[in-house]
Amino acid sequence: MKADLVIKNIGKLATMRSKNTPVVGKDMNNVEILEDAYVAIKDGIFIEIGIGENYKNIVNFNTEINDAQGLLVTPGLIDSHTHLVHGGSRENEFSKKISGIPYIEILKEGGGILSTVKSTKEHSDEELYSKAIKSLDRMLELGVTTVESKSGYGLEIDTEIKQLKVAHQLNKTHPVDLVHTFLGAHAIPIEYKNNSKKYIDILINEMMPKIKELELAEFCDVFCEEGVFSIEESELILSKAKEMGFKLKIHADEIESLGGAELSAKLKCISADHLMAASEEGIDMMAKNKVIANLLPATSFNLNKPYANARKMIDSNLGIALSSDYNPGSCPSENLQFVMQLGCLGLKMTPYEVLNAVTINAAYAIDRQNEIGSIEIGKKADLVVFDAPNIEYLMYHFGINHTKQVYKNGNLVVDDKVILSKI
Ligand code: IZC
Ligand code: ZN
């Protein structure tokens, strides 16, 4: 078998290959780095990884040979927690936020998530699509090749379906792959302010079965938080979701320590996300049940809140993924490279731990660990050539885009920071 494409002269190839996923504990600080390496690709899949000139055995005259100019190559980055598709923005709440009014207070006054619900209802599919595609382009330019995308700005079936359909359309037309999550349990709609039980009833008996029937989402998620969905309500919603065949995620212990980490372990969620206020017991229970901690440090940064206790999590053998939480309220930024820098500066993770967290462990957080997240034979040829000499440099030189080229399924889609094709 001969390659369609060889990328040679890779100064440092961080393969992120690992025997076990998720990568936990001390292993998070291990990264296989091959020097003077090449990768060979056929039909969008890696078929060989090697050193120096050995690629000559796998090429013929139809093989394209690209030169990585001695730079750093990693797998395509994975953003495993975003609220990508939504209408409008919330800069009108920005001065309230910086004056110290808490995020949850703004929601209780009918703003926050509920204001985005209002504008998402008012925007057409086309409008939602053209806003989201701009964000997806920014993500791709930053080296992100797979994105998880949540609904949750409808809180009634038609708008939830509209959001999810827009995400499916983006998946078809844009080079970035999307993974779809239903987040009908994102807030209690204004109409049910004093009757959350009724909304949960509709969610479980009408909305979730419909989303399942239309095959619009693989995961189901709940915003489990003081003043939003309680532990008991979250358990009810997620256990019904599991019975219907959804994979589970939970927004857990973001602001208050409610026991969301413990619940994620009990229900064997794939990921529990945020965890800024998670208890030590909850962290231990998650590790035992192989739930991955999906940490979102740009949200801590933007809300001016403490960072999650990543060091305790790593000491407890709990696997960590990092993602952007891109949303119009608590994290209006698509920049996963900034998240990686905060992984070091805020969460006190090492650059190698951070790279594991946005590649192979992020793949685990969306149940794609067998297809993406590392450069190994049989996986999708998603990779980033960084204009950087080593991994440490990516985290050290902060606030810029280090991407030089991005390949998706073996196609060059970003060159010198410019998107080449949308297919
Ligand atoms: O729109 O505020 N945390 N949900 C839970 C969000 C942030 C999104 C938002
Ligand atoms: Zn979120």
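Residues numbered from 1 in each chain as written. Chains lettered and ligands numbered in written order. Predicted model: local features only at pLDDT ≥ 70, side-chain atom pairs only at ≥ 80, totals over all residues. Heavy atoms only, no water.

1. Re the overall build of the protein chain
Right, on to step 1. In terms of regular secondary structure, the protein chain is built from 15 helices and 17 strands.
Right, on to step 2. Relative to the compact-globule value of 22 Å for 423 residues, the protein chain shows a C-alpha radius of gyration of 21 Å, a close match.
Right, on to step 3. The dimensions of the protein chain, computed from C-alpha atoms along their principal axes, are 70 × 45 × 45 Å.
Right, on to step 4. Here the protein chain, with 423 residues, has 60% of them falling under the buried criterion.
Right, on to step 5. In the protein chain, the proportion of contacts linking residues at least 24 apart, taken out of those at least 6 apart, comes to 72%. (Helix = DSSP H or I, 4+ residues; strand = E, 2+ residues; numbered from the N terminus. Rg over C-alpha atoms; globule rule 2.2 N^0.38 Å. Buried < 20%, exposed > 50% of the residue type's maximum accessible area, 1.4 Å probe, protein only. Contact = heavy atoms within 4.5 Å.)

2. Notes on the domain arrangement of the protein chain
Right, on to step 1. For the protein chain, the assigned domains read domain 1 (5-75 + 374-419) and domain 2 (78-365).
Right, on to step 2. The distance between the C-alpha centroids of domain 1 and domain 2 comes to 29 Å.
Right, on to step 3. On the side of domain 2, 33 residues touch domain 1, which itself brings 39 residues to the contact.
Right, on to step 4. The contact between domain 1 and domain 2 buries some 3100 Å² in all, and 67% of this surface belongs to carbon and sulfur atoms.
Right, on to step 5. Between domain 1 and domain 2 we count 2 salt bridges in total.
Right, on to step 6. If you look at where domain 1 meets domain 2, you find 17 residue pairs in polar contact (both at pLDDT 80 or more).
Right, on to step 7. Counting only elements with at least two residues in the side of domain 1 that touches domain 2, the list comes to strand 5 (72-75), strand 14 (383-386), helix 15 (391-396), strand 15 (403-408) and strand 16 (411-415).
Right, on to step 8. Within the side of domain 1 that touches domain 2, the residues separate by chemical class into 21 nonpolar, 11 polar and 7 charged. (Domains from an automatic or database assignment. Buried area = accessible area lost by both parts, 1.4 Å probe. Salt bridge = Lys/Arg side-chain N within 4 Å of Asp/Glu carboxyl O. Polar contact = N/O pair within 3.5 Å; in protein donor to acceptor, adjacent residues only side chain to side chain. Nonpolar A, V, L, I, M, F, W, Y, C, P; charged D, E, K, R; others polar.)

3. Here we look at the coordination of the zinc ion (ligand 2)
Right, on to step 1. The coordination sphere of the zinc ion (ligand 2) contains the protein donors His 81 (NE2), His 83 (NE2), His 251 (NE2) and Asp 325 (OD), at a distance range of 2.0 to 2.8 Å.
Right, on to step 2. Expressed as a motif, the donor residue spacing for the zinc ion (ligand 2) is H-x1-H-x167-H-x73-D. Remark: His 251 occurs in strand 10 (residues 247-252) and His 83 occurs in the loop between strand 6 (77-79) and helix 1 (94-98); sequence separation between them is 168 residues. Neither residue differs from the other here; His 83 and His 251 are each classed as buried. (Donors = N, O, S within 2.8 Å, 3.2 Å for Na, K, Ca; no water.)

4. Regarding the sheet that holds strand 11 (residues 271-274)
Right, on to step 1. As summarised here, the arrangement of the 8 strands in space is 6-7-8-9-10-11-12-13, forming an open sheet in which the pairing is parallel. Edge positions in the sheet fall to strand 6 and strand 13 (320-322), since each has one partner strand and no second. With strand direction ignored, the average angle separating the axes of adjacent strands in the sheet is 25°.
Right, on to step 2. The pairing of strand 12 (residues 292-295) with strand 13 spans 3 bridges and is classified as parallel. Opposite Leu 295, over in strand 13, you have Leu 322 as the bridge partner. (Pairing = 2+ DSSP bridges. Axes fitted to C-alpha atoms, helices over the stretch in contact; angles between N-to-C directions.)

5. As for the site of ligand 1
Right, on to step 1. The local shell around ligand 1 consists of His 83, Arg 90, Tyr 103, Ile 113, Tyr 153, His 186, Phe 223, His 251, Glu 254, Asn 327 and Ser 330.
Right, on to step 2. Here an oxygen atom of ligand 1 sits 2.8 Å away from a polar atom, N or O, in the side chain of Arg 90.
Right, on to step 3. Side-chain polar atom of Tyr 103 to an oxygen atom of ligand 1: 2.5 Å apart, as the coordinates give it.
Right, on to step 4. Relative to its free-state accessible area of 270 Å², ligand 1 is covered by the protein chains to the extent of 100%.
Right, on to step 5. Of the residues in the shell around ligand 1, the class split is 4 nonpolar, 5 polar and 2 charged. (Near = heavy atom within 4 Å. Areas by Shrake-Rupley, 256 points an atom, 1.4 Å probe, with all protein chains shown as cover.)

6. Details of the packing of aromatic side chains
Right, on to step 1. By the definition in use, this model includes 4 aromatic pairs.
Right, on to step 2. Taken together, a centroid distance of 5.9 Å and an interplanar angle of 35° make the contact between Tyr 192 and Tyr 199 tilted.
Right, on to step 3. The exposure class assigned to Tyr 192 is partly exposed, which follows from its relative accessible area of 22%.
Right, on to step 4. Over the face of the ring belonging to Phe 246 we find Lys 212, whose NZ or CZ atom lies 4.8 Å from the ring centre.
Right, on to step 5. The ring of Phe 219 carries the charged tip of Lys 249 above its face, separated from the ring centre by 4.9 Å. (Phe/Tyr/Trp six-rings, centres within 6.5 Å; stacked < 30°, edge-to-face > 60°. Lys NZ or Arg CZ within 6 Å of the ring centre and 35° of its normal.)

7. Thoughts on the environment of Gln 169
Right, on to step 1. Considering the arrangement of structural elements, one finds Gln 169 in helix 5 (residues 157-173).
Right, on to step 2. A relative accessible area of 36% means that Gln 169 is categorised as partly exposed.
Right, on to step 3. A C-alpha to C-alpha distance of 24 Å links Gln 169 and Met 244, two positions 75 residues apart in sequence.

8. Observations regarding helix 4 (residues 125-141)
Right, on to step 1. The end-to-end C-alpha distance of helix 4, which contains 17 residues, comes to 24 Å, matching closely the 24 Å that a straight helix rising 1.5 Å per residue would cover.
Right, on to step 2. Count one or two residues on from helix 4 and you reach Gly 143, which has phi positive near 100°. (Expected span 1.5 Å × (residues − 1).)

9. A closer look at the pattern of salt bridges
Right, on to step 1. The full count for this structure, using the stated rule, is 24 salt bridges.
Right, on to step 2. Taking the shortest distance from any N to any O, the salt bridge between Glu 156 and Lys 121 comes out at 2.9 Å. Taken as a pair, Glu 156 in the loop between strand 7 (144-150) and helix 5 and Lys 121 in helix 3 (residues 113-122) lie far apart in primary sequence, 35 residues in all.
Right, on to step 3. Taking relative accessible area as the criterion, Glu 156 reaches 23% and is therefore assigned partly exposed.

10. Here we look at the pairing of strand 16
Right, on to step 1. Across 4 bridges, the pairing between strand 15 and strand 16 is antiparallel. Looking at the pairing, Tyr 407 lines up with Leu 412 of strand 16.
Right, on to step 2. The antiparallel pairing of strand 15 with strand 16 creates a hairpin that spans 2 residues between the two strands, and Asn 409 there sits at a positive phi of about 50°.

11. Examining the side chain of Ser 234
Right, on to step 1. By secondary structure assignment, the location of Ser 234 is in helix 7 (residues 231-244).
Right, on to step 2. For Ser 234, a relative accessible area of 0% translates into the label buried.
Right, on to step 3. Setting aside anything within four residues of it in sequence, one finds Ser 234 in contact with Val 222, Cys 224, Phe 229 and Leu 263.

12. Here we look at the environment of Thr 146
Right, on to step 1. Tracing the sequence through the fold places Thr 146 in strand 7.
Right, on to step 2. As for Thr 146 and Ile 377, which are separated by 231 residues in sequence, their C-alpha atoms are 19 Å apart.
Right, on to step 3. Setting aside chain neighbours within four positions, we find Thr 146 in contact with Leu 77, Ile 78, Asp 79, Val 176, Asp 177, Val 179, Ile 366, Ile 372, Asp 382 and Lys 408.

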